[in-house]
Amino acid sequence: MTAMTTVVGDLNRPLGQPLDSREDPQLLRGRATYVADIELPRMAHMAILGSDRAHARILGIDTKAAEQLPGVLKVATAADFQDVMPLPCIWIPGGVESHFPPHPYGLPGARPVLTGDTVRHVGDPIAVVVAETPKQAHAALRAITVEYEPLPVVTRADHALEEGAPQLHEAVPGNLNAYWTCGDRERTDRAIAEAEVVVELDLVNQRTINSPIEPRGAVGEYDAATGEYTLHASTQGPHNHRFLLSALVLGIPFNKLRVVAPTVGGSFGTKGYLYPDMALVLKLAKALGRPVKWVDTRTGLMNSTVQGRDHRQHVTLAGTRDGRITAVRCTSHANLGAYPSTIGPGVATALMGRSITGMYDVDAAFCEVYAAFTNTVPLGAQRGSGRAEAAFLMERLVDRYAAEIGQDPAAVRRKNLVPAEKFPYDNGLGWTYDSGSYQENFDKALALAGYADMPARKAEARTRGRRLGVGLATYVAICGVGPSTRMSQEGMLGGTWESANIRVHPTGEVTVTVGSASTGQSHGTVFAQVAADVLGIDPELVQVYEGDTLKAPYGQGTYGSRSFSMAGPSVALTAGKVKEKMRRAGAALLQLPEDQVVYEGGRVCERANPENGKAFADLAMACWYGWNLPPEIEPAIDETTHFDPPDFNYPFGTHVAVVEVDELTGETEVVAYTAVDDAGNIGNPKIVEGQIEGSILHGLGQALMEAAVYDDEGILVSSDLRSYALPRAADAPFFALDKTVTPTPHNVLGAKGAGEIATVPPAAAVVNAVVDALSDLGVTHIDMPLTPEKVWRRLRGEAQ
């Protein structure tokens, strides 16, 4: 692909500059409009009754008392939504046999919008109330009585596959959604059998709960005069949700549904999914003839919004005595929860399995995943999904291997990094890495962290009753989802391209509309920088719109760190079309042959006489009027691009965590954290830096405190922020951040994903650091989260 002429980061051009986010003022002043802020005339309020049992048959639901309460407009159960189809699953494990609940169109089904026969997890929705106020709706929920017949419960994927385990779905024998593999099993097993050194680990990558600042919400409207529906929702994929809801859930014309995403207060992957509330508010708005609003609670979110991670793995690494890794093998049991979420099976298989070798040049690798259903909240994406689980297993194995052969963990890593001359690099598992400077990146991180000084720092810490440990973690994170054809081979039932439209107004101002939808990534700032850079104009002249299916071109949404590397190139390519049209129009206005004019710095001028030219605003007005344009040039400037990349992009990096463990309490403090990431060319360093810091803290949360805990009855006991720990400001360490830059050849910006990449390595880096701090006690592994009690017990010699 031809490289873009723009030099990203040129001080004379807007792209690559650390401009302030234009979205920040309204957020900081409380003037942004979230779903909870939407107020419409005659709006009613919906509340959802979720099951308080993890697995049970519903013998009866009594709603009579609830229907008589003040303000109640409607109480509905599954019987009221017989014409609504189940939510579909659109990412199945690619290339293998898989089993799903049924869907009328023969697609993989997920869940009904309300359950009428059997509940399969706590929070499974079984009834709704619509009332005049939220308080009245929630009061009515408490008046509904449900008679259950309890059924056996299973909450672990490996247990769900055992003979005699409770069965969740008739169409899914043995609870097995799919057995999925990648790599070369025979070659890998042979390499392990012949290896000089073999290390093995049993790992638990625990289930965690996505916790965006804004829980989910939805407002449904129906216009009886036109038959049109409008859904306002906290969604990161309004266009996809429009198609899926209209065609595959509600069975209404596509043109009769509009989806609008107002300000979205974070997602971390949770808001790209179809949820029952979306269809419910639309159907109830039509039934009642008035808008219907639903806003989740924090506990409701924890019992209904997709959760993350949850793999139990047996992993093996083989190598030579001198430190060369020869094989890696992984057997993983992935917990999909009670139902397949919209894309959950793909997250649990391909994103994890194809990524297990990371930055290392490994001759033989194999991964097998058993994806199973259990009585827990459905599994979905969480920042760094799949790739974080893969990096954790590989980086823990490398440390165990280094300890086994008596070498420094840094030396082992350096010996096995993919060398620069091997790019593009086929990792043998299905990914072909586009570009990389792994050695430079690794060395830069170690120097910045002061890795050579760690022995002295360890000795000093012991004088204070603290154990200092240092942990390394490298990663490669597949990003930039498409390409569409390749994603179809991975089991994606849909396209993954992206789009942008640019209109130039007669005043010289520019409107950019994109198919992606921000969940807090400052799209309005960065996409304006892209357009302004290509067109050679001030970014203040550019306004960006997104998140409304009525106004924006069709696009696939925001997920998988794809916005800047997918929508960004769409904007750049579209701006290039605008530029070319202006150049041709300018030639006509200057009465010169087209080959004698150039577009430079926001104007068209004569190549041999730059003073003879037309400014951007003059060209915009001329095209708006359409005077004296040749017949082959249409009036006005309105261009669109749909961009489907030739391949993914592969950001990478090296992180170094330095921890101190208190010998008396077992408390772990991350005292320093170094991250050197490579996301190719960067559009706005200030925004990316914020993404990096937030991503690191997300990963530290999993390492040290976060865990979704289910008891034997399938009750989520960590269902609020009193029992589910999240990192706070005081838990944030000192960050030392830097970067290397190896542009991808797969888009015109040379950009790789950045939004979630720094969540991939922190858990491994921190666990490696704590194990290093305790290694003289014979500690070789501690399961996450590394709570003070757990570490305290290991300090005193207790087994895990």
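Conventions and cut-offs
- Residues numbered from 1 in each chain as written.
- Predicted model: local features only at pLDDT ≥ 70, side-chain atom pairs only at ≥ 80, totals over all residues.
- Heavy atoms only, no water.
- Helix = DSSP H or I, 4+ residues; strand = E, 2+ residues; numbered from the N terminus.
- Expected span 1.5 Å × (residues − 1).
- Contact = heavy atoms within 4.5 Å.
- Pairing = 2+ DSSP bridges.
- Right-handed = clockwise from strand over helix to strand, strands pointing away.
- Axes fitted to C-alpha atoms, helices over the stretch in contact; angles between N-to-C directions.
- Salt bridge = Lys/Arg side-chain N within 4 Å of Asp/Glu carboxyl O.
- Phe/Tyr/Trp six-rings, centres within 6.5 Å; stacked < 30°, edge-to-face > 60°.
- Buried < 20%, exposed > 50% of the residue type's maximum accessible area, 1.4 Å probe, protein only.
- Lys NZ or Arg CZ within 6 Å of the ring centre and 35° of its normal.
- Polar contact = N/O pair within 3.5 Å; in protein donor to acceptor, adjacent residues only side chain to side chain.
- Patch = residues over 30% accessible without salt bridge, like charges linked within 9 Å, V, L, I, M, F, W, Y side chains within 5 Å.
- Areas by Shrake-Rupley, 256 points an atom, 1.4 Å probe, with all protein chains shown as cover.
- Parallel < 35°, antiparallel > 145°, perpendicular 65-115°, else oblique.
- Left-handed = near helix turned anticlockwise from the far one by under 90°.
- Nonpolar A, V, L, I, M, F, W, Y, C, P; charged D, E, K, R; others polar.

Notes on helix α13 (residues 438-449)
Alright, step 1. Across its 12 residues, α13 extends 17 Å between first and last C-alpha, which sits within 8% of the 16 Å expected from 1.5 Å per residue.
Alright, step 2. Buried positions along α13 lie against α12 (409-416), β17 (432-433), α14 (454-462), β18 (466-476), β26 (652-662) and β27 (668-678).
Alright, step 3. In the segment just after α13, G450 is the residue with positive phi, at about 70°.

So, the pairing of strand β11 (residues 257-260)
Alright, step 1. Relative to β11, strand β10 (residues 228-233) is paired through 4 bridges, and the arrangement is parallel. Looking across to β11, one finds that H232 is bridged to V260.
Alright, step 2. Following the backbone out of β10, through helix α6 (residues 238-250) and into the adjacent parallel β11, one traces a crossover that is right-handed.

Focus on the sheet that holds strand β23 (residues 603-606)
Alright, step 1. Reading across the sheet, the 3 strands line up as β22-β23-β24 and stay open at both edges, with antiparallel pairing between neighbours. Only two strands of the sheet have a single partner each, and these edge strands are β22 (597-600) and β24 (613-615). Neighbour-to-neighbour, the strand axes of the sheet open up by a mean angle of 20°, direction not taken into account.
Alright, step 2. For β22 and β23, the ladder comprises 4 bridges, and the chain directions are antiparallel. Its bridge partner being in β23, E600 is matched across the sheet by R603.

A word on the pattern of salt bridges
Alright, step 1. Per the stated rule, a full pass over the model turns up 46 salt bridges.
Alright, step 2. R467 is the partner of E663 in a salt bridge, and the nearest nitrogen-oxygen pair spans 3.1 Å. With E663 in the loop between β26 and β27 and R467 in strand β18, this residue pair connects regions lying 196 residues apart in the sequence.
Alright, step 3. Note that E490 and R486 form a salt bridge whose closest N and O atoms lie 2.6 Å from each other.
Alright, step 4. Several salt bridges share partner residues, and in doing so they unite E460, R464, R466, E660, D662 and E669 into one network.

Points about the packing of aromatic side chains
Alright, step 1. Scanning all chains against the criterion turns up 14 aromatic pairs.
Alright, step 2. Taking the centre distance of 5.3 Å and the plane angle of 50° together, the rings of Y433 and Y650 count as tilted. Of this pair, Y433 sits in strand β17 while Y650 sits in the loop between β25 (637-643) and β26, and the two are 217 residues apart along the sequence.
Alright, step 3. Exposure remark for Y433: the relative accessible area of 1% places this residue in the buried category.
Alright, step 4. Classification of Y650 as buried rests on a relative accessible area of 1%.
Alright, step 5. An aromatic cluster is built from Y425, W431, Y433, F648 and Y650, whose rings are joined through pairwise contacts.
Alright, step 6. Taking the ring centre of Y275 as reference, the NZ or CZ of R216 above it sits at 3.5 Å.

Regarding the side chain of T188
Alright, step 1. The residue T188 is located in helix α5 (residues 185-194) in this model.
Alright, step 2. Here A365 takes part through its backbone nitrogen, which lies 3.1 Å from a polar atom of the side chain of T188.
Alright, step 3. Contact partners of T188, with chain neighbours within four places excluded, come to A327, V328, R329, A364, A365 and F366.

What about a nonpolar patch on the surface?
Alright, step 1. A contiguous nonpolar surface patch, about 490 Å² in accessible area, is contributed by M621, W624, Y625 and W627.
Alright, step 2. Within the secondary structure, Y625 is located in helix α18 (residues 616-625).

Some remarks on the pairing of strand β20 (residues 510-514)
Along a regular strand, successive side chains alternate from one face of the sheet to the other.
Alright, step 1. Burial analysis of β20 places 5 of its 5 residues in the buried class, the great majority of the element.
Alright, step 2. The alternating pattern of β20 places V510, V512 and V514 on one face and T511 and T513 on the opposite face, and all of these are buried.
Alright, step 3. In this sheet, β20 lies alongside strand β19 (residues 498-504) in antiparallel orientation, the contact comprising 5 bridges. Directly across from I502, in β20, lies its bridge partner V512.
Alright, step 4. Here β19 hands over to β20 after 5 residues, with G508 in that stretch at a positive phi of 90°.
Alright, step 5. Where the polypeptide runs from β20 across helix α16 (residues 523-535) and back to strand β21 (residues 542-545), its parallel neighbour, the crossover connection is right-handed.

Topic: the packing of helix α11 (residues 387-405) against helix α20 (residues 762-773)
Alright, step 1. Where α11 contacts α20, the two axes come as close as 9 Å, and the packing angle between them is 25°. Classified by the interaxial angle, the pair formed by α11 and α20 is roughly parallel. Crossing handedness for the pair α11 and α20: right-handed. Across the interface between the two elements, A391, F392, E395, R396 and D399 of α11 pack against A763, A764, V767, N768 and V771 of α20.
Alright, step 2. Residues of the contact of α11 with α20, tallied by class, amount to 6 nonpolar, 1 polar and 3 charged.

Any functional reading would require information beyond the geometric quantities listed.
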